[in-house]
Amino acid sequence: MLKSCLLRTVPVASWLPRYSFKQDALGDLISGISVGIMQLPQGMAYALLASVPPVFGLYSSFYPVLIYFIFGTSKHISIGTYAVMSVMIGGVTERIAPDSNFMIWDNVTNSSIIDTVARDAERVRAAAAVTFMSGLFQILLGVVQFGFVVTYLSEPLVRGYTTGAAIHVIVSQLKYTFGISPLRYSGPLSLIYTVLEVCHLLPKTNIGTLVVSIVSIVGLILAKELNTYLSKKLPVPIPVELIAIIIATVISWQVNLEMKYGVDVVGEIPSGLQPPVVPAVSLFSQVIGDAFALSVVGYGIAISLGRIFALKYGYKVDSNQELIALGLSNSIGGIFQCFAISCSMSRSLVQESSGGKTQVAGALSAVVILFITLWIGRLFEELPKAVLAAIILVNLHGMMKQFLDIPALWRSNKIDMLVWIATFLLTVVLNPDLGLAASIAFSMLTVIFRTQLPKYSLLGQVEDTDIYKPVRQVPGILIFRSSATLYFANAEMYQEALGAKSGIDITKILSAKKKLAAKRKRHEKRNAKRAEKDYVKIECLYSQGLIIYLFIYLFVCQTSWANKFLIKKTQNCFIFYPQIPFVPNFLAPFRYSFTSIYFCVLVLIFIFVSVAGVVKNLETGGFFNDKVKKSCLFSTIHDAVLHCQSARSASRDPEAQVVVV
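Residues numbered from 1 in each chain as written. Predicted model: local features only at pLDDT ≥ 70, side-chain atom pairs only at ≥ 80, totals over all residues. Heavy atoms only, no water.

What about the overall build of the chain?
Counting secondary structure elements, the chain contains 27 helices and 14 strands. Taken across its 661 residues, the chain has 52% of its residues classed as buried. When the accessible surface of the chain is totalled, it reaches about 31,600 Å², and 64% of it is carbon and sulfur. (Helix = DSSP H or I, 4+ residues; strand = E, 2+ residues; numbered from the N terminus. Buried < 20%, exposed > 50% of the residue type's maximum accessible area, 1.4 Å probe, protein only. Areas by Shrake-Rupley, 256 points an atom, 1.4 Å probe, with all protein chains shown as cover.)

Observations regarding the side chain of Ser348
Take Ser348: it is sitting in helix α16 (residues 345-353). One polar contact links the side chain of Ser348 to the main-chain amide nitrogen of Ser78, over a distance of 2.9 Å. Non-local contacts of Ser348, meaning those with residues more than four positions away in its chain, are made with His76, Ile77, Ser78, Leu305, Phe309 and Cys343. (Polar contact = N/O pair within 3.5 Å; in protein donor to acceptor, adjacent residues only side chain to side chain. Contact = heavy atoms within 4.5 Å.)

A closer look at helix α11 (residues 207-229)
Spanning 23 residues, α11 covers 33 Å between terminal C-alpha atoms, matching the ideal 33 Å at 1.5 Å per step. On its buried face, α11 sits against α9 (174-178), α12 (240-255), α13 (257-261) and α18 (385-395). Regarding α11, its N-cap is Asn206, as a side-chain oxygen of that residue lies 3.0 Å from the backbone nitrogen of Gly208 further along. (Expected span 1.5 Å × (residues − 1).)

What about the packing of aromatic side chains?
Counted by the stated rule, this structure contains 12 aromatic pairs. With a centroid separation of 5.1 Å and 90° between ring planes, the pair formed by Tyr19 and Phe21 is classed as edge-to-face. Given the relative accessible area of 64%, Phe21 is considered exposed. Judged by centre distance (5.5 Å) and plane angle (85°), the rings of Phe137 and Phe292 are edge-to-face. Highlighted residues: Phe137 in helix α7 (residues 116-143) and Phe292 in helix α14 (residues 284-313), separated in sequence by 155 residues. (Phe/Tyr/Trp six-rings, centres within 6.5 Å; stacked < 30°, edge-to-face > 60°.)

Describing the nonpolar core
As a rule of thumb, soluble globular proteins bury nonpolar side chains together. Grouped together as the largest cluster of nonpolar side chains are 109 residues, with contacts concentrated most on Met44, Ile245 and Leu388. Here this core gets 14 residues from one element, more than from any other, and that element is α14. Residues in contact with Met44, not counting those within four places in the same chain, are Pro54, Leu58, Val266, Ile269, Phe380, Leu383 and Leu388. (Core = buried A, V, L, I, M, F, W, Y, C linked by side-chain atoms within 4.5 Å.)

Remarks on the sheet that holds strand β5 (residues 456-461)
Strand order in this open sheet of 3 strands is β6-β5-β7, and the pairing throughout is antiparallel. Each edge of the open sheet carries a strand with a single partner, namely β6 (468-469) and β7 (479-482). In terms of strand pairing, β5 meets β7 through 4 bridges, oriented antiparallel. Looking across to β7, one finds that Ser457 is bridged to Arg481. (Pairing = 2+ DSSP bridges.)

Some words on the packing of helix α20 (residues 405-412) against helix α21 (residues 414-452)
Remark: α20 packs on α21, axes separated minimally by 6 Å, with the N-to-C direction vectors making an angle of 150°. On the basis of the axis angle, α20 is roughly antiparallel to α21. Contact residues: Asp405, Ile406, Leu409, Trp410 and Ser412 in α20; Lys414, Asp416, Met417, Trp420 and Ile421 in α21. Considered class by class, the residues forming the contact of α20 with α21 number 6 nonpolar, 1 polar and 3 charged. (Axes fitted to C-alpha atoms, helices over the stretch in contact; angles between N-to-C directions. Parallel < 35°, antiparallel > 145°, perpendicular 65-115°, else oblique. Nonpolar A, V, L, I, M, F, W, Y, C, P; charged D, E, K, R; others polar.)

Concerning the pairing of strand β3 (residues 111-114)
The sheet contact formed by strand β2 (residues 103-106) and β3 spans 4 bridges and is antiparallel. Following the sheet pairing, Met103 is matched in β3 by Ile114. The turn linking β2 back onto β3 is made up of 4 residues, and Asn110 within it adopts a positive phi angle of 55°.

Notes on the pattern of salt bridges
Evaluated as defined, the whole model comprises 11 salt bridges. Two residues, Glu381 and Arg378, come together in a salt bridge whose shortest N-O distance is 3.9 Å. The exposure class assigned to Arg378 is exposed, which follows from its relative accessible area of 53%. One salt-bridge network, held together by shared partners, links Asp99, Arg119, Asp120 and Arg123. (Salt bridge = Lys/Arg side-chain N within 4 Å of Asp/Glu carboxyl O.)

Considering the packing of α14 against α16
Closest axis-to-axis distance for the α14/α16 pair is 11 Å, and the angle between their directions is 20°. Judged by the inter-axis angle, α14 sits roughly parallel to α16. Every pair of crossing elements has a handedness; the one defined by α14 and α16 is right-handed. In contact with Leu305, Phe309, Lys312 and Tyr313 of α14, α16 contributes Met345, Ser348, Leu349 and Glu352. Tallied by class, residues from the contact of α14 with α16 come to 5 nonpolar, 1 polar and 2 charged. (Left-handed = near helix turned anticlockwise from the far one by under 90°.)

Thoughts on helix α3 (residues 21-49)
The largest bend in α3 is about 30°, located at Gln39, with the proline Pro41 one to four residues further on. Of the residues trailing α3, Ser51 is marked for its positive phi of about 60°. (Bend = angle between axes of the 7 residues up to and from the residue.)

Points about unusual backbone geometry
One non-glycine residue with positive phi stands out, namely Gln145, at about 60°. Relative to the assigned elements, Gln145 resides in the loop between α7 and α8 (155-172). We note that Gln337 has phi near 65°; this positive angle belongs to a residue other than glycine. As for its placement among the helices and strands, Gln337 is situated in the loop between α15 (319-335) and β4 (342-344). Classification of Gln337 by relative accessible area gives buried; the value is 16%.

A closer look at the confidence of the model for the chain
Do not read the predicted coordinates in detail wherever pLDDT is low. Of all residues in the chain, 80% attain a pLDDT of 70 or more, and the chain-wide mean is 78. Confidence scores differ between elements of the chain, with strand β12 (residues 597-607) showing the lowest mean pLDDT of 33 and helix α5 (residues 63-71) the highest of 95. Residue range residues 531-611 is modelled with pLDDT below 50. Its contacts to residues more than four positions away, or to other chains, number 243 contacts. Segment residues 654-661 is flagged for pLDDT under 50; beyond a separation of four residues in sequence, or across chains, it makes 47 contacts in the model. (pLDDT = per-residue confidence, 0-100.)

Take a look at the structure:
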């Protein structure tokens with residue numbers, strides 16, 4: 001028991017001893033080096049999104065990756081920096097440590113300047129605090145087995161959200177692309193305000209920075225297209241991003257772009273690793289909402305991609321263990337001043353396509369980052385930030401292709417298309433944090449909306465089969481089906497649809513029955529031998545997620561329209577059939593003209609494949625009696641119809657038989 005618990009909590013202890021060096025080692029080595037090379041430019045670039053110095057992007061590509069190697073269950077996803085997570089972190093750091101809080105007077109220029117050292121230090125504290133808290137949320141959710149929460153993040157919601165977040169990423173990089181310094185806005189509509197501010201500052205564009213940006217973007221696009229063209233001929237993709245930052249760094253160093261043309265560069269990159277630091281507890285209250293949003297988004301992206309690879313290669317990804325693995329990666333990473341991580345689709349695809357077979361590939365990519373951080377990082381101090389911004393913008397082309405989801409969803413499912421568009425707009429307008437909450441709420445509303453507008457149909461039997469579809473009806477039997485589960489919110493609409501399909505106004509019938517009951521009481525002594533008590537009993541049962549509406553009452557009906565009356569819930573059927581023929585005198589004032597009247601008993605036939613648990617609950621609730629017996633329960637619609645046909649043939653007036661399924 002203890003051993004199995006340990007192996008489940010620390011998966012590396014179960015698979016690493018069985019690691020096949022002969023089959024997996026070479027592929028994992030090549031894959032690890034390839035992904036590690038990608039981690040370098042992406043880590044530095046996404047650090048700009050998080051509004052922290054680039055070196056902290058390298059830290060975030062090292063510590064969390066090692067933690068996930070130990071506790072993660074997916075063999076193919078590449079853990080590390082991710083654009084959507086980084087821009088969410090950037091919103092937090094810039095809100096807590098805005099430039100305006102760090103303005104100092106410069107006696108040389110006689111103007112105010114930003115104390116970037118103090119500002120960056122505070123932003124790193126904020127990023128570490130929100131990352132640590134998001135990790136704690138993920139661990140807590142994993143411990144309480146809350147991994148199923150990802151099922152509420154539908155694919156249209158996730159794709160619409162990431163597309164909306166990509167717009168925030170693009171806008172956040174415009175200042176590096178044009179070499180301008182727009183004001184920082186926060187809260188709803190901040191994206192629009194930022195775009196307007198950028199447009200206002202366009203006349204102040206730094207031409208040198210703009211040239212670097214254009215050359216970098218064009219070069220990266222052409223190189224990636226070449227990579228795609230040669231993908232089948234090359235064992236591993238060409239590391240175009242690494243080549244780009246090397247070339248840009250050399251040119252910047254030789255030409256002195258910073259001094260001559262005012263091109264902003266990365267600046268000092270300290271060698272070595274940072275010592276662990278206790279996160280700033282004082283900031284927790286300010287970032288708790290952001291931390292929860294980060295925990296949900298990061299987990300949703302990672303588990304979605306992890307399940308895709310698991311299905312493709314035939315292994316299982318434990319959703320709750322993934323929560324714990326990501327939580328430990330973030331919480332421990334926060335102690336080492338990392339910012340929140342998830343998995344990157346581009347790196348994951350490279351890890352898979354270059355031969356990666358296990359989590360060892362991820363660990364080897366972390367070793368590559370460690371080597372760069374310790375000995376090579378300082379060589380990139382002259383790298384223009386515009387090049388890192390270009391890398392980010394070009395890498396977003398995959399997310400921009402998600403706009404093609406809209407016409408596809410229009411053809412397949414218009415409500416899903418509405419979820420996609422609403423999520424995108426809410427994310428753009430309200431920012432990624434509030435946008436996520438609003439999007440989930442909207443998605444839940446669409447679920448309720450779908451139950452409010454189900455499809456109702458009358459079923460018939462497919463000839464020579466036991467299959468029932470909306471075809472020609474069974475003679476003498478009406479089968480009514482609803483596509484949604486019946487519950488309190490749609491019960492009234494269900495009744496209206498039932499009446500429309502059957503041609504019977506159920507409300508009017510019940511009202512008339514109440515009037516008849518009142519009149520019967522006044523004539524009770526005189527008509528006691530000929531009249532039976534007329535009553536309506538409505539019983540609501542809830543069993544195994546099904547809400548069953550059972551109407552059991554005495555009903556007076558006319559033969560000419562009795563076979564039109566039906567009551568049905570998706571998997572329930574009700575049978576009306578004649579029992580005791582009589583014509584009570586007190587019905588003479590009733591507005592219907594009766595020719596042949598029957599006293600009918602309503603019998604429930606509950607259609608459910610596995611009725612054992614339902615039957616037990618019905619017995620506990622005292623449902624069964626001498627009129628409603630267990631024999632009224634059937635496992636299929638066909639069995640119920642056969643029973644009804646048998647009952648019709650045995651009745652005195654077979655044409656009066658009415659069945660509802």
